[in-house]
Amino acid sequence: MPTTPSKTILLFLKRSADAAAVETLLAAGGATTVIARNPEQALQYIREGNVSLAIVDLSVGVLAADALRRADERTLLPLLFVSGEPVPEATLSRIYELKVAEFVPLPAPAVIMQAKVELLLSAAAATAGAPPHARESSSTAQHERYRLLAKAASDYALFFLDATGVITEWTESAEQLFGYTPEDVVGQSGAILFTAGDRAQGAVEAELTAAAACGQAKEFRIHVRKDGSTFPALDRTVALRNAGGVLRGFAKIVRDATALQHLQENERRFRQIFETAHEGIWILSADARIEMVNHRMAEMLGYTAAELVGRRKFDFIFPEDASHIQELFAQRRAGRSATTEVRFRRKNGTPLWTLMSARPVQRDGSFAGTLDMFSDITARRHAEKRFRLFFESSAAGYALVDPATGRYLHVNQRWCDMLGRTREELLQLTYRDVTYPEDWGPDLQRFSDLFAGRVSEVSIEKRYVRGDGTMFWGHVTSSIVRNKSGVPEVQLSVVQDITARKRAEEELVESRTRLRLAVEAADLGIYYYDGSTGENAWNEHARRLLGIAPEQVVTADIVLSRVHPDDRALVRSEMERLRGAAETALEFELEHRVILPGGIERYIAVRGFAETRLAPDGRPALHVVGALRDITASKQSELDLRNKVVERTRELEEKTRQLEGFVYTVAHDLRAPLRSINGVADLLIDEHGRMDRETALANLERIKATTRRMDGLIRDLLAYSRVNQIEIALETVDLAAVTQSALRELAPEIEITGANISIAAPLPIALGERVIIEQVLLNLLSNAIKFTRPGEAPKVHVSAHENEHWIRIEIRDHGIGVPAQYHHRIFNVFERLQSSRDYPGTGIGLAIVAKGVERIGGRYGVRSEPAQGSTFWIELKPAKI
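Residues numbered from 1 in each chain as written. Predicted model: local features only at pLDDT ≥ 70, side-chain atom pairs only at ≥ 80, totals over all residues. Heavy atoms only, no water.

Caption draft 1: Region of the structure containing the overall build of the protein. When helices and strands are tallied, the protein shows 28 helices and 32 strands. In the protein, which comprises 881 residues, the proportion classed as buried is 41%. For the protein, the share of sequence-separated contacts (at least 6 apart) that also reach a separation of at least 24 residues comes to 53%. In the form shown here, the protein has an accessible surface area of approximately 47800 Å², with 53% of it arising from carbon and sulfur atoms. (Helix = DSSP H or I, 4+ residues; strand = E, 2+ residues; numbered from the N terminus. Buried < 20%, exposed > 50% of the residue type's maximum accessible area, 1.4 Å probe, protein only. Contact = heavy atoms within 4.5 Å. Areas by Shrake-Rupley, 256 points an atom, 1.4 Å probe, with all protein chains shown as cover.)

Caption draft 2: Spotlight on unusual backbone geometry. Going from Ala761 to Pro762, the amide bond is cis rather than trans, its omega being -5°. One can find Pro762 in the loop between β27 (756–759) and β28 (765–768). Positive phi values are uncommon outside glycine, yet Ala288 reaches one of about 70°. Looking at where Ala288 falls in the secondary structure, it is placed in the loop between β11 (280–284) and β12 (290–293).

Caption draft 3: Representation of the pattern of salt bridges. Under the counting rule described, the total for this entry stands at 39 salt bridges. When the shortest N-O distance is used, the salt bridge between Arg289 and Asp287 registers 3.3 Å. Of the residues examined, Asp287 reaches a relative accessible area of 38% and is grouped as partly exposed. With a shortest N-O distance of 2.7 Å, Arg602 and Asp630 are connected by a salt bridge. Of the two residues, Arg602 is situated in strand β24 (residues 600–614) and Asp630 in strand β25 (residues 620–630); the sequence distance between them amounts to 28 residues. (Salt bridge = Lys/Arg side-chain N within 4 Å of Asp/Glu carboxyl O.)

Caption draft 4: Spotlight on the packing of aromatic side chains. Scanning the entire structure with this criterion turns up 18 aromatic pairs. Both rings, one in Phe329 and one in Phe367, keep their centres 5.9 Å apart while their planes meet at 80°; by these two values the pair is edge-to-face. Of the two residues, Phe329 sits in helix α14 (residues 322–333) while Phe367 sits in strand β15 (residues 366–376), which places them 38 residues apart along the sequence. Judged on exposure class, the residue Phe329 and its partner Phe367 are both buried. Taken together, a centroid distance of 4.8 Å and an interplanar angle of 50° make the contact between Phe827 and Tyr860 tilted. Residue Phe827 is located in the loop between β30 (807–813) and α28 (845–855), and its partner Tyr860 is located in strand β31 (residues 859–864); the two are separated by 33 residues in the primary sequence. For Phe827, a relative accessible area of 8% translates into the label buried. The class for Tyr860 is partly exposed, based on a relative accessible area of 27%. Among the aromatic residues, those joined into a cluster by ring pairs are Phe159, Trp170, Phe178 and Phe231. Cation over ring: Arg345 sits above Phe318, and NZ or CZ is 5.9 Å from the ring centre. In this structure, Lys502 is placed above the aromatic ring of Trp473, and the distance from its NZ or CZ to the ring centre is 4.4 Å. (Phe/Tyr/Trp six-rings, centres within 6.5 Å; stacked < 30°, edge-to-face > 60°. Lys NZ or Arg CZ within 6 Å of the ring centre and 35° of its normal.)

Caption draft 5: Geometry of the sheet that holds strand β23 (residues 586–596). A sheet is described by the order of its strands in space; here five strands give the open sequence β22-β21-β25-β24-β23, paired in antiparallel fashion. Both edges of this open sheet fall to β22 (535–538) and β23, since each of them pairs with a single strand only. For this sheet, the mean inter-axis angle between neighbouring strands, taken without regard to orientation, is 20°. Where strand β21 (residues 524–530) meets β22, four bridges bridge the pair, whose relative direction is antiparallel. Paired with Tyr528 across the bridge in β22 is Ala537. Packed on one face of the sheet, helix α22 (residues 568–579) meets β23, β24 and β25 and runs near 150° to β23. (Pairing = 2+ DSSP bridges. Axes fitted to C-alpha atoms, helices over the stretch in contact; angles between N-to-C directions.)

Caption draft 6: Quick look at the sheet that holds strand β16 (residues 397–401). The strand order across the open sheet formed by five strands is β17-β16-β20-β19-β18, and the pairing between neighbours is antiparallel. The strands lining the two open edges of the sheet, one partner per strand, are β17 (408–411) and β18 (457–465). Mean inter-strand twist for the sheet, computed between neighbouring axes without regard to direction, equals 30°. In the sheet, β16 pairs with β17 via three bridges, with the strands oriented antiparallel. Bridge pairing links Val401 to Tyr408 in β17.

Caption draft 7: Geometry of the side chain of Asn294. Assignment of secondary structure puts Asn294 in the loop between β12 and α12 (295–301). At 3.1 Å, the side chain of Asn294 forms a polar contact with the backbone oxygen of Glu279. The contact partners of Asn294, leaving out residues within four places of it in the chain, are Phe274, Glu275, Ala277, Glu279, Gly280 and Ile281. (Polar contact = N/O pair within 3.5 Å; in protein donor to acceptor, adjacent residues only side chain to side chain.)

Caption draft 8: Seen up close, helix α2 (residues 39–47). What α2 keeps buried is the set Gln41, Ala42, Tyr45 and Ile46. Looking straight down α2, one finds its buried side chains confined to an arc of 135°; they lie on one side. Turned more than 90 degrees away from the buried face of α2 sit Glu40 and Arg47, all of them exposed. Elements in contact with the buried residues of α2: β1 (8–12), β2 (32–35), β3 (51–57) and α3 (62–69). Its side-chain oxygen placed 2.7 Å from the backbone nitrogen of Gln41, Asn38 serves as the N-cap of α2. One or two positions beyond α2, positive phi appears at Gly49, with a value near 85°. (Arc of directions from axis to C-beta.)

Caption draft 9: The arrangement of the packing of helix α25 (residues 735–745) against helix α27 (residues 770–786) in detail. At their nearest, the axes of α25 and α27 sit 9 Å apart, and the two run at 50° to each other. Judged by the angle between their axes, α25 and α27 are oblique. Relative to α27, the crossing made by α25 is right-handed. Of the residues in α27, those touching α25 at Leu735, Val738, Thr739, Ser741, Ala742, Leu743 and Glu745 are Arg770, Ile773, Glu774, Leu777, Leu778 and Leu781. (Parallel < 35°, antiparallel > 145°, perpendicular 65-115°, else oblique. Left-handed = near helix turned anticlockwise from the far one by under 90°.)

Caption draft 10: The environment of Ser870, seen in detail. In this structure, Ser870 sits in strand β32 (residues 870–878). Spatially, the C-alpha atoms of Ser870 and Gly817 are 5.2 Å apart, while their sequence positions differ by 53 residues. Apart from the residues within four sequence positions on either side, Ser870 is in contact with Ile811, Arg812, Asp813, Gly817, Val818, Arg863 and Ser864. Here Ser864 takes part through its side chain, which lies 2.6 Å from a polar atom of the side chain of Ser870.

Encoded structure:
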């Protein structure tokens, strides 16, 4: 067992790396250290009596460490606990309950470690049970150590109080931390350093009481500087007693916890990052032993972290890789960092491929180990191996291209064969050298987008030139592999020879073009049904004819749903007939109606062929191919022609009936004057010798009156005929002007009858034919004047009413009126309700009104009752001015 020199500090730490670090810190202050590897060795060192302080890893345990130090029966050995892990508050409390004990988190600055050591040594000397003369002799040295300690530790304040809490000694460190000079505070209560809240709660007295009772008191609190600013602090109040145990005062140590808080936070963050990192991380000592490892690295190797700590890196290397790994470690020892691929051996013997980023760790200018980070690339390595095998054996051409220059970096044999060149030749060329010249322009734009990252992949068809100058078509798919910064590293292109397919496509396109032109010229919808696969192929025109959307699947039910309900039985019957088709093609043809979405009805003609074939599984399957054609126009034309024939026949029959009536009426009305003339003439012939002059003149006057009546009849017939024959050219017609023109023509009748004609001005402007409108108004005004009750002067009122669609002109009289049952008849030719003797006329006037209004697109009518007068009206279209 080794012996220790006098005043030696014992290091009993779990990790060799921590022991080395602490040893370095203490050596800087001139301390002598000895390292214990196990409890037995530590106990032996203590019993030999030369250990003045023990620095113990907290993992040993507070009680175990306290029991260990009591092996030195002559004094109470000071303990300084250290730990690189977060420490619970309860554990810290147990530490500070011990006498002459402290705690320092690792890693720690040298000044803090040295200050803690000096403080513990001083406190131990102050409370030791040494002989009086030894205590007296050490008093000066102790005071000097306190002074040096207070001056060296800028984040500590050391000062003294008497038994009542009054400050008796104020050191330089206290002045630096609090800002007070000795003159400011010596003689004052230590409460000056406390916040008002702590003073109000009696914190000052409670702290001194606790220290007096337990030897020391530890608190975390907020202190106040001279300038009024506050700071977090760790307080340690130590009771100072003389040899007889009488309380002489207190030593108070105040540590500024601001930096400690930051340090602990940084330590926590480092631990969190270290343990939660996606990469594996370990720290190696100078002899390549694992000092610290995270869970991810342990998981990657198949071990626990505890199983890895203390083992050498080379324990996880395959024998054949040993020299390479040792060379890499030698580079770290030489101070060089590197990123490289490294293979390890897992616990189960399988390989672990990693991408290692390693850098050396220096302490005091010397190599102390390495910090290595690892990413698992095992899957990538396997993928690369499979890719190489696939690359070389693929039936497609594969090429790796330099994105910057376009030069081939690597090509497979298939690509060489497709281009008719050797591998060596291709590696001297760029992909532009083998591209058909006319395709290079489009290529440039597409690949520019690929390199710029605007697209992730380019997939195109292009032409290539073989070594012998011939051309072939290729389908190329290219993508870019980028580094972590996004810079393109390599372009991967896969090419398939599609020359034969392109040739077949060209022939197919030409054939389809001819077929499409033929189908479009015939305006046909084409469909095909394969019963073996259930495939329905309907061209766009066929779907449009049935009102079926492009994305909708066509089924028999959908087709039937479009058929007009009255025609479904016919279509369903034809479908059943086709299902029984034999192996020879069965022709079918039918016409039916369809109802499209929106209720539109169309006629279509269907023609095609059906055939039963054996499907691949041996069952019979129906195959149908056919064409649909819209025959709505022809059907409508046929229907229109039929309707027109019916209408024309009806009109002809009506006109024939009217003509027969007209001819009969004309013949009757024309014969009556002739009979009268003939009778009077016969009378004149028979009686010319015996008839006196007056009688003869009266008979001649009768002949003249009869001829005048016949002339009027013929004149009205000509007017009626003229209304039918006038060529209609609609124009704007000023109704006021036309009305005045008609009244001027009727002036003699108005004067003879004394008629009162009133007009409600203004009369609007209508759309019509001026001659017809004037003839219509002339007849209506003439009737109003004519059909007046005997003995009364005619009263006629003309007015107009206008709306958005019509202009209504009304001519109201106070005449004899018309019974309701005759309101429609009076507009027919030769319809007379009164005798011509009472009311002269031909019975054609209102027929002219009706015919004229109809020809210019208007309407007519009458409101009348016997003896109540009549209101005749016509409606014309308004002029859009």
